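# Report on the structure
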Amino acid sequence: MPDLNENTKEIIEAITDKKGHRITIIDLKNIESAPARNFIICQGKSSSQVAAIADSIRERLQKNLNIKPYNYDGYKNSQWIIIDYGDMMVHVFQPEFREFYNLEDLWNDAEITPIPDLD
């Protein structure tokens, strides 16, 4: 696993706490047109799990690091929830929507680091 900052570690722990999996970090800092420095992508198996993962991330960062997102969207259907922390964006997908949008391929010129699943 790469050397991760405290925010990223908290996000990964929040994801794994809710049994999220296929966590990927996309380092975009060397891409001029990128909307953030990092993307963290993961998935849940259902809309309720996707919402629970997103809630866990938001609650954990606020409680442990006093960090609130600038914005978040996608709770209505919970197929893809995005949480915007300015320099970092977290994407929580259901599997078929992750495959459809395929952010890893879209940003394949960035450094992509998969985080091994715990189970």
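See above for the structure.
We now turn to the structure provided with this report. (Residues numbered from 1 in each chain as written. Predicted model: local features only at pLDDT ≥ 70, side-chain atom pairs only at ≥ 80, totals over all residues. Heavy atoms only, no water.)

## With respect to the pattern of salt bridges
One pass over the full model with this rule turns up six salt bridges. Between Arg-60 and Glu-13 there is a salt bridge, and its shortest N-O distance comes to 2.4 Å. You can see Arg-60 sitting in helix H2 (residues 47-65) and its partner Glu-13 sitting in helix H1 (residues 6-17), a full 47 residues away along the chain. Judged by relative accessible area, which is 19%, Arg-60 ranks as buried. Between Arg-98 and Glu-104 there is a salt bridge whose closest N-O contact spans 2.5 Å. On the basis of relative accessibility, which here comes to 3%, the residue Arg-98 falls in the buried class. Judged by its relative accessible area of 16%, Glu-104 falls in the buried class. Overlapping salt bridges, with partners in common, bring together Glu-10, Glu-13, Asp-17 and Arg-60 in one network. (Salt bridge = Lys/Arg side-chain N within 4 Å of Asp/Glu carboxyl O. Helix = DSSP H or I, 4+ residues; strand = E, 2+ residues; numbered from the N terminus. Buried < 20%, exposed > 50% of the residue type's maximum accessible area, 1.4 Å probe, protein only.)

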